[in-house]
Amino acid sequence: MLPAMLAARHPEPDMPDVAAALRPAERSLLRFITCGSVDDGKSTLLGRLLWETGAVYEDQAEALARDSERFGTDGKNRDFALLVDGLSAEREQGITIDVAYRYFATPRRAFIAADTPGHEQYTRNMATGASTADVAILLVDARKGVLPQTRRHSSIVSLVGVRDVILAMNKMDLVGFDEAVFRRIEAEYRALVARLGFRSIHVLPLVARDGDTLTRHSGRMPWYAGPTLLDLLETLEPALPVDGRFFLPVQWVNRPNADFRGFSGTVASGQIRVGDPVTILPQGRASRIAEILTPEGARNAAKAGEAVTVTLADETDVARGDVITVGHRPPHGTGTLTVRLLVLGERVLAPGDRLLLKLGSATVPVRFEALTHELSVEDLTPRPARQLAMNGIGKAVLRPEAPLFALPYNECQPLGSFLLIDPMTHATLAMGVIETASGPSREASPRHSAPVHALLLRFWPSHRPEQIRSAITILLFALTGFLLTGTLADALILAALDGIGRPLLITLQERFWPPGEKPAPSMGPEPGLDGGGI
Amino acid sequence: MHANSHLRRLEAEAIFIFREVFATCDRPVLLYSIGKDSAVLLHLALKAFAPGRLPFPVLHVDTGWKFREMIAFRDETARRLGLDLIVHTNPDGLAAGIGPLSHGSAVHTDVMKTQALKQALDRHGFDAAFGGARRDEEKSRAKERIFSLRTPDHRWDPRSQRPEPWLLFNTRKAQGESFRVFPLSNWTEADVWDYIALENIPVVPLYFAKPRPVVQRNGALIMRDDERLTLLPGEVLETRIIRFRTLGCYPLTGAVESRADTLEAVLAEMRESRVSERQGRVIDHDATSSMEKKKQEGYF
């Protein structure tokens, strides 16, 4: 076989054009995960999708034809699952045992697909694959409908914050392409996951083996006029965290020479501009952004997702693990973290354990303070537990033993997700997400209770920059003062007192009531399951 | 280009990985194999640590059978970028005269690549080695982690690999253990070429078509890069217009007939191609799952 590219091409009639898939463009990127059990046809669906989008080359197609005869489960026909089942151990067992990543592209978008195992004992692999996914494709066999594992898979993808799910109802040919079956399973599934807080749920009738509704409508299900699977993958919007407040976890201090001291990291959320005032957390020191270097050179601004290096206007002590944020913020203490955990390793976790927590670029020792309850993987209902074993999910309280800045997962994924590491064996023990970071003051303004301020907060949503809020507060004070006293001078003095006195009082308050010493907040009722993290 | 585009997101991810390793490991090294993936890897490493220079050495494991143009390109690149280049050849293999023509691809690869790499990593005490492997190259690599933990004797055990949720990497390891780190894990061959074009990254001229002396052997077009390749009975040396899609030891690397003599032409040709890049690599054809077996033995 001569690997000559210019040799005559012998595309098979149903083999799509590779050219369409590789056109370079300013494509966006979507990551998705496929979940389902061994028999649902998950690998077949992914293999077929690679085939249909032209990601399979001739030599790979020949290998597939050979492998299909040797290992295939579809007689003499191509077994598309063999395109994605990688390790030889898996082939022998006939199951997928790890997360495999696959790549394909259309002119509109590049895709990274995580192919994950469906067996219960591999919950951890599924959660790993789902953690970076924008969209989850859940497979069900049309003959079997919604099974306990369908519910389990939905729970897991909801736990790690996946917002959009596609229920791929496969093997429609084996139920006679019956619309009634489709509608019944669809209704059942929508009812089942109503509490999981998905942003969108799409349900598609498929025959993965033959390609129906994958990239085109086959005509065998004329009653289905909705989008194909590829239509959805090309149009669902990935969530990019550019809206939130600016946070830059410092990964590395770049000091190539005495004249340059930069702080490198990937922007976790929000945007920043040269000249903006910043605070270094957890210490709370203030400075200003002097320069921003991006992979494309010096820039005036940077936003979420960009790997940057910034310099500051002052000689400020900043180290790996610190977080640079915009505006003025008080120092951040230790406090406690209310978290959800999924145990990944063989070690059983229990209250009293001393572990390492890696969050963003920070690694700090933590104490496993309390296990509030275990969450059933079936439907996330809480039940009492003393410890968590592999694949177990639980709600817990952790106490960092060094200052750490963290945010709730649904506010900021990079600063709200973490690993727990065994300090002795270095094994990764668990993955987790922050529900609440208690104790340390996170926002100065909502803490005071001046009626005007409280009133203001009602009308001025808290996500606006607090400098604007402060300025308006001062103006309102001036106005109120003017109305009460009738003299402009008195009003201005009142406003100035508020502008200077309030921060001073806050500082004093924090000096005498260190936030970290406040009791942990009551655990209360379980917050709504909003797809906001484990 | 838009900052949220596919390539910029891949670029940011790779830079993040470089910085994470450098900030947490004692002695990293970049494994430089001179090919297009290495060119992109090196380019990203320079970006990750700019404006400073590359803060760790670059290692080339030289089997003694690389194309001469590769070696010239390597030395020119090291000079142009001011790299701390380490070249290592297995002295035992050299003394024993191991080569792909006399000993076959399996023995040659094991002694001159796998063993040589372990020698170099051990000699310099490197505890993290960046490689340019991509998950789309071969099926067994689809499950490789970005951080691959190796035992003190460099073995890879699929069962002991750590989960990598989000972009969170556990970079802690015991004395003697090391990481292989693959910042290009999520790149495809098309991404690599598109990025080379976008960033104007120099690559070895062997990727571009030119008349070159070749012989047909075992169904592949093998370039006669020096006189060590002697003709077997019935073989004829001919000049054909060829180029390479991947580069390695010249007797083990199949060429493709092509007229693509510029980057634009290569990009256009690749988009038309119906054959995967690894087909030109002789070592992959040994057996199904052959890469997986080699990886467990410590081959990159």
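This is a predicted model, so every value here is computed, not measured.

## As for the overall build of chain B
Right, on to step 1. When helices and strands are tallied, chain B shows eight helices and 10 strands.
Right, on to step 2. Within chain B, the fraction of its 300 residues that count as buried is 64%.
Right, on to step 3. In chain B, 73% of the contacts between residues at least 6 apart in sequence involve partners at least 24 apart.
Right, on to step 4. Total accessible area computed for chain B in this model is approximately 10,600 Å², and 51% of it derives from carbon and sulfur atoms.

## Regarding the sheet that holds strand β4 (residues 128-130) of chain B
Residue and element names in this part refer to chain B.
Right, on to step 1. Strand order in the open sheet formed by six strands is β3-β2-β1-β4-β6-β5, and the pairing between neighbours is mixed. Edge positions in the sheet fall to β3 (85-88) and β5 (147-150), since each has one partner strand and no second. The sheet shows a mean angle of 30° between the axes of neighbouring strands, taken without regard to direction.
Right, on to step 2. Pairing analysis gives three bridges linking strand β1 (residues 28-31) to β4, with the strands arranged parallel. Among the inter-strand pairings, Pro28 is bridged to a residue of β4, identified as Ala128.
Right, on to step 3. Running at roughly 145° to strand β2 (residues 58-61), helix α5 (residues 100-124) makes contact with β1, β2, β3, β4 and β6 (178-181) of the sheet.

## Let's talk about the pattern of salt bridges
All names here are of chain A.
Right, on to step 1. By the definition in use, this model includes 46 salt bridges over all chains.
Right, on to step 2. Note that Arg183 is salt-bridged to Glu179, the shortest N-O span being 3.1 Å. Here Glu179 and Arg183 lie together in helix α7 (residues 179-192), a separation of four residues that amounts to about one turn.
Right, on to step 3. Taking the relative accessible area as the measure of exposure, Glu179 reaches 29% and is therefore partly exposed.
Right, on to step 4. Among the charged side chains, a salt-bridge network with shared partners connects Asp173, Arg209, Asp210, Asp212 and Arg220.

## Things to note about the pairing of strand β3 (residues 109-115) of chain A
Sheet faces and side chains relate simply in a regular strand, where the side chains alternate between the two faces.
Residues and elements named next belong to chain A.
Right, on to step 1. With seven of its seven residues buried, β3 lies for the most part within the structure.
Right, on to step 2. Side chains of β3 alternate between two faces, with Arg109, Phe111, Ala113 and Asp115 and Ala110, Ile112 and Ala114 buried alike.
Right, on to step 3. One ladder, built from seven bridges, connects strand β1 (residues 28-35) with β3; its direction is parallel. Note that in β3 the partner of Ile33 across the bridge is Ala114.
Right, on to step 4. Pairing geometry for strand β2 (residues 100-105) and β3, over six bridges, is antiparallel. Counterpart to Arg102 in the pairing with β3 is Ala113.
Right, on to step 5. Once β2 ends, the chain turns through three residues before running back antiparallel as β3.

## Comments concerning helix α3 (residues 68-81) of chain B
Residues and elements named next belong to chain B.
Right, on to step 1. With 14 residues, α3 should cover 20 Å at 1.5 Å per step; its first-to-last C-alpha distance of 20 Å lies within 8% of that length.
Right, on to step 2. Every buried residue belonging to α3 is among Met70, Phe73, Arg74, Thr77 and Ala78, and all of these are buried. For α3, the angular spread of the buried residues around the axis is 130°, confining them to a single face. Of the exposed residues in α3, the ones pointing more than 90 degrees away from its buried face are Arg68 and Arg79.
Right, on to step 3. On the buried face of α3, the contacting elements are α2 (36-49), β2 and β3.

## Here's the deal with the sheet that holds strand β4 (residues 135-141) of chain A
Residues and elements named next belong to chain A.
Right, on to step 1. The six strands are arranged β2-β3-β1-β4-β5-β6 in an open sheet whose pairing can be described as mixed. Unpaired on one side and paired on the other, β2 and β6 (200-205) mark the two borders of the sheet. Strand-to-strand twist across the sheet, computed as the mean angle between neighbouring axes with direction ignored, equals 25°.
Right, on to step 2. In the sheet, β4 pairs with strand β5 (residues 164-170) via seven bridges, with the strands oriented parallel. In the sheet register, Val135 faces β5, and the bridge partner there is Asp164.
Right, on to step 3. This element, helix α6 (residues 148-159), spans β1, β4 and β5 of the sheet and lies at about 175° to β4.
Right, on to step 4. On top of the sheet, α7 reaches β4, β5 and β6; it is set at about 160° to β6, its chief contact.

## Section: the packing of aromatic side chains
Right, on to step 1. Taken as a whole and judged by the stated rule, the model has 22 aromatic pairs over all chains.
Right, on to step 2. Aromatic pair A:Phe247 and A:Phe405: ring centres 5.4 Å apart, planes at 35°, arrangement tilted. Separated by 158 residues along the polypeptide, A:Phe247 in strand β7 (residues 247-249) and A:Phe405 in the loop between β21 (393-400) and β22 (417-421) bring together distant segments of the chain. Note on accessibility: A:Phe247 and A:Phe405 belong to one class, buried.
Right, on to step 3. Between B:Phe18 and B:Phe130, the aromatic rings sit 4.5 Å apart at their centres with planes inclined by 45°, giving tilted as the arrangement. Pair noted here: B:Phe18 is in helix α1 (residues 6-24) and B:Phe130 is in strand β4, with a separation of 112 residues, a long-range link. Taken individually, B:Phe18 and B:Phe130 each receive the classification buried, so the pair is uniform in this respect.
Right, on to step 4. Connected via pairs of aromatic rings, a cluster forms that spans A:Trp252, B:Phe18, B:Phe22, B:Phe49, B:Phe56 and B:Phe130.
Right, on to step 5. A cation over a ring is seen here: B:Arg228 above B:Trp65, with NZ or CZ 3.7 Å from the ring centre.

## Focus: the packing of α2(B) against helix α6 (residues 189-199) of chain B
Residue and element names in this part refer to chain B.
Right, on to step 1. Put simply, α2 and α6 touch, their axes get as near as 10 Å, and they point 55° apart. Put simply, α2 runs oblique to α6. For the pair α2 and α6, the sense of crossing is left-handed. Along its contact with α2, which presents Lys36, Asp37, Val40, His43, Leu44 and Lys47, the element α6 presents Glu189, Val192, Trp193, Tyr195, Ile196 and Glu199.

## Description of the packing of helix α5 (residues 123-131) of chain A against α6(A)
Residues and elements named next belong to chain A.
Right, on to step 1. Running from amino to carboxyl end, α5 crosses α6 at an angle of 45°, the nearest separation of the two axes being 9 Å. Taken as axis vectors, α5 and α6 run oblique relative to one another. Remark: the crossing between α5 and α6 carries right-handed chirality. Counted together, Thr123, Met126, Ala127 and Ala130 of α5 and His153, Ile156 and Val157 of α6 form the full contact between these two elements.
Right, on to step 2. Of the residues assigned to the contact of α5 with α6, the class counts are five nonpolar, two polar and no charged.

## Describing the nonpolar core
Right, on to step 1. Core analysis: the biggest nonpolar cluster contains 82 residues, and A:Phe32, A:Val157, A:Ile166, A:Met172, A:Leu229 and A:Leu233 have the highest contact counts within it.
Right, on to step 2. Those residues within four positions of A:Ile166 in sequence are excluded, and the remaining contacts are A:Val135, A:Ala136, A:Ile137, A:Leu138, A:His202, A:Leu204, A:Leu229, A:Leu232, A:Leu233 and A:Leu236.
Right, on to step 3. Formed by 72 residues, the second largest nonpolar core is a distinct cluster that contains B:Leu42, B:Phe49, B:Val204 and B:Leu267.

## What about the confidence of the model for chain B?
Residues and elements named next belong to chain B.
Right, on to step 1. Mean pLDDT over chain B: 89, with 88% of residues reaching 70 or higher.
Right, on to step 2. This model gives residues 283-290 a pLDDT under 50, and the stretch forms 16 contacts once residues within four places in sequence are excluded.
Right, on to step 3. Here the predicted complex carries an ipTM of 0.90, next to a pTM of 0.82.

## What about the pairing of strand β10 (residues 254-257) of chain B?
Residues and elements named next belong to chain B.
Right, on to step 1. Of the strand pairs in this sheet, strand β8 (residues 220-223) and β10 are connected by two bridges, and their pairing is antiparallel. Its bridge partner being in β10, Ile222 is matched across the sheet by Gly254.
Right, on to step 2. Bridge analysis of strand β9 (residues 238-243) against β10 gives two bridges, and the strand direction is antiparallel. For Ile242, the partnering residue across the bridge sits in β10 and is Glu257.

## Comments concerning the environment of A:Val267
All names here are of chain A.
Right, on to step 1. Topologically, Val267 is positioned in the loop between β9 (260-266) and β10 (271-273).
Right, on to step 2. Taking the C-alpha atoms as reference points, Val267 and Ala302, separated by 35 residues in sequence, lie 7.8 Å from one another.
Right, on to step 3. With residues near it in sequence (within four places) discarded, Val267 still touches Phe246, Phe247, Leu248, Ala302, Lys303, Ala304, Gly305, Glu306 and Val308.

Reading the values: rules and limits
- Residues numbered from 1 in each chain as written.
- Chains lettered and ligands numbered in written order.
- Predicted model: local features only at pLDDT ≥ 70, side-chain atom pairs only at ≥ 80, totals over all residues.
- Heavy atoms only, no water.
- Helix = DSSP H or I, 4+ residues; strand = E, 2+ residues; numbered from the N terminus.
- Buried < 20%, exposed > 50% of the residue type's maximum accessible area, 1.4 Å probe, protein only.
- Contact = heavy atoms within 4.5 Å.
- Areas by Shrake-Rupley, 256 points an atom, 1.4 Å probe, with all protein chains shown as cover.
- Pairing = 2+ DSSP bridges.
- Axes fitted to C-alpha atoms, helices over the stretch in contact; angles between N-to-C directions.
- Salt bridge = Lys/Arg side-chain N within 4 Å of Asp/Glu carboxyl O.
- Expected span 1.5 Å × (residues − 1).
- Arc of directions from axis to C-beta.
- Phe/Tyr/Trp six-rings, centres within 6.5 Å; stacked < 30°, edge-to-face > 60°.
- Lys NZ or Arg CZ within 6 Å of the ring centre and 35° of its normal.
- Parallel < 35°, antiparallel > 145°, perpendicular 65-115°, else oblique.
- Left-handed = near helix turned anticlockwise from the far one by under 90°.
- Nonpolar A, V, L, I, M, F, W, Y, C, P; charged D, E, K, R; others polar.
- Core = buried A, V, L, I, M, F, W, Y, C linked by side-chain atoms within 4.5 Å.
- pLDDT = per-residue confidence, 0-100.

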